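Topology and contacts: notes
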Amino acid sequence: MPRRFVKWSRFISAPVATGGIWSSARKNNVASTIVLTTVTITNNQADSDNLGGVDAGNGGGIYNYFGTMTVNNSAGGSITGNSANNGGGIYSTWDLNTVDAPAGLTVTGSGANGVINTNTAKNNGGGIGIDPNATSAAGTPTIAFSVTINGVTLKGNTANSDASGGGDGGAIFSNGRNSIGTVTLGNTSALTIGGTAAGEPNSAVNGGGIAHASGTLSYTNGTITGNNATGTGGGMFVSGGTVNFLSGLTIDSNTSTAIDGYKQTGGTVTAAGTINFNGGDSIDLAGGTFTSTSAGSSGSAAPTAGWIASPSARNDDRCFRDDILAVMRGLDPRIHHFRKDDGLPDQ
């Protein structure tokens, strides 16, 4: 398999149709491996002529099409100030033809090294956009792919930068298509999404921090803090697919015109470890399924600002809320009250 390495490099100010780096590396349907180490990619613009097109306009910093790409910025480097239609910092996509080799993306940082910040997308994925093509010449997409992100701080990224009314996932937009795409966050080192200082919050219409639409996303360790949604899900918005919260996740001090912390309208979500909702953040389970498989352990802290359920067809908001609270307590005894936002006393 051919391999290409780029180390200690800077890609600066390249306002072209596909941004700073465009990768479509394969030969005879055999994917290449591209490794970028300690790179700074800044102030690039995709689709600067606004002409659009199938391959134009996405991935302001990096557009990863075929092959396996690794961005290792643990020792330094950053992806900052880039802009695109989708995936302001990084955009990863595949055709998913049955003749293609599996492809993937790995991004690694460490603390202040490897930050992905102040990138903008007119539509989805201010920091990172993951969205394989929905169809292929070979029929239904069947080729698996994976994206892994560890130790990275994503802050100050914006989706819906043109204020057109559409744009989800301020830091990360994930659309795995047909449940064959896998996105893994923070499985070896914590991922930080947002912050409370000036310039640190990520923002979007839905999912100021993360928006997940399809495929499988697993989040093991990290914080979603201080992000903002003009629609709903200031911290995270789940509309479909599968989400696994494994352990060590804090959703804290996010803001929204609707639900601050976590909004779910579809999909299947499993929480196998502790999720801490702090800073007044709330959760709205409006659709799909949410299951906690953790019975709670001695000494584990209960959320300081708990869960909120939206009344659906029930006219009696208090009864509906009490019903959902009873169910959630049965799933996880650490869930102890709703956030007060409807004029009713806290439960």
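The structure presented is a predicted model; accordingly, all values stated were derived computationally and were not measured.

**Considering the overall build of the protein**
Counting its secondary structure elements, the protein contains 1 helix and 34 strands. Considering the protein as a whole, with its 347 residues, one finds that 54% of them fall into the buried category. Relative to all contacts within the protein whose residues are 6 or more apart in sequence, the contacts with residues 24 or more apart total 81%. Of the roughly 12900 Å² of accessible surface on the protein, a fraction of 51% belongs to carbon and sulfur atoms.

**Remarks on the pattern of salt bridges**
Considering all chains together, one arrives at 1 salt bridge under this definition. One salt bridge connects Asp-284 with Lys-263, and the closest N-O pair in it is separated by 3.0 Å. Taken together, the residues span a long stretch of sequence, with Asp-284 in strand 34 (residues 283–292) and Lys-263 in strand 32 (residues 262–271) at a distance of 21 residues. Taking relative accessible area as the criterion, Lys-263 reaches 13% and is therefore assigned buried.

**Notes on the pairing of strand 24 (residues 210–214)**
Within strand 24, 4 of the 5 residues are buried, leaving the element largely enclosed by the surrounding structure. Looking at chain direction, strand 20 (residues 172–175) and strand 24 are connected through 4 bridges and run parallel. For Ser-174, the partnering residue across the bridge sits in strand 24 and is His-212. Across 3 bridges, strand 24 lies against strand 28 (residues 236–238) in parallel orientation. Bridging across to strand 28, Ala-211 finds its partner in Phe-237.

**As for the packing of aromatic side chains**
Counting across every chain of the model gives 6 aromatic pairs. Feature note: the residues Trp-22, Tyr-63, Tyr-65 and Tyr-91 constitute an aromatic cluster, connected by ring pairs.

**A closer look at the confidence of the model for the protein**
Per-residue pLDDT for the protein averages 76, and the proportion of residues at 70 or more is 67%. The low-confidence segment residues 1–16, where pLDDT is below 50, has 45 contacts with residues more than four positions distant or belonging to other chains. For the stretch residues 295–327, pLDDT sits under 50, and the model shows 71 contacts to residues farther than four places along the chain or on other chains.

**Re the environment of Asn-160**
As for its position among the elements, Asn-160 is in the loop between strand 19 (158–159) and strand 20. It is 9.3 Å that separates the C-alpha atoms of Asn-160 and Asn-86, two residues lying 74 residues apart in sequence. When residues no more than four places from it in sequence are discounted, the contact partners of Asn-160 are Ala-121, Lys-122, Asn-123, Gly-165, Gly-166, Gly-167 and Val-205.

**Here we look at the environment of Ile-79**
Relative to the helices and strands, Ile-79 resides in strand 10 (residues 78–80). When the C-alpha positions of Ile-79 and Gly-60 are compared, they lie 9.7 Å apart, and in sequence the two are 19 residues distant. Ignoring any residue separated from it by four or fewer positions in sequence, one finds Ile-79 in contact with Ile-41, Ile-62, Gly-89, Ile-90, Val-115, Ile-116, Asn-117 and Asn-119.

**What about unusual backbone geometry?**
Even without being glycine, Asn-160 reaches a positive phi, approximately 65°. Relative accessible area serves as the criterion here: at 14%, Asn-160 is assigned to the buried category. Phi is positive for Ala-163, close to 55°, though the residue is something other than glycine. Of note, Ala-163 is situated in the loop between strand 19 and strand 20. A residue is classified by how much of its surface remains accessible, and Ala-163, at 64% relative accessible area, is exposed.

Cut-off values and rules
Residues numbered from 1 in each chain as written. Predicted model: local features only at pLDDT ≥ 70, side-chain atom pairs only at ≥ 80, totals over all residues. Heavy atoms only, no water. Helix = DSSP H or I, 4+ residues; strand = E, 2+ residues; numbered from the N terminus. Buried < 20%, exposed > 50% of the residue type's maximum accessible area, 1.4 Å probe, protein only. Contact = heavy atoms within 4.5 Å. Areas by Shrake-Rupley, 256 points an atom, 1.4 Å probe, with all protein chains shown as cover. Salt bridge = Lys/Arg side-chain N within 4 Å of Asp/Glu carboxyl O. Pairing = 2+ DSSP bridges. Phe/Tyr/Trp six-rings, centres within 6.5 Å; stacked < 30°, edge-to-face > 60°. pLDDT = per-residue confidence, 0-100.

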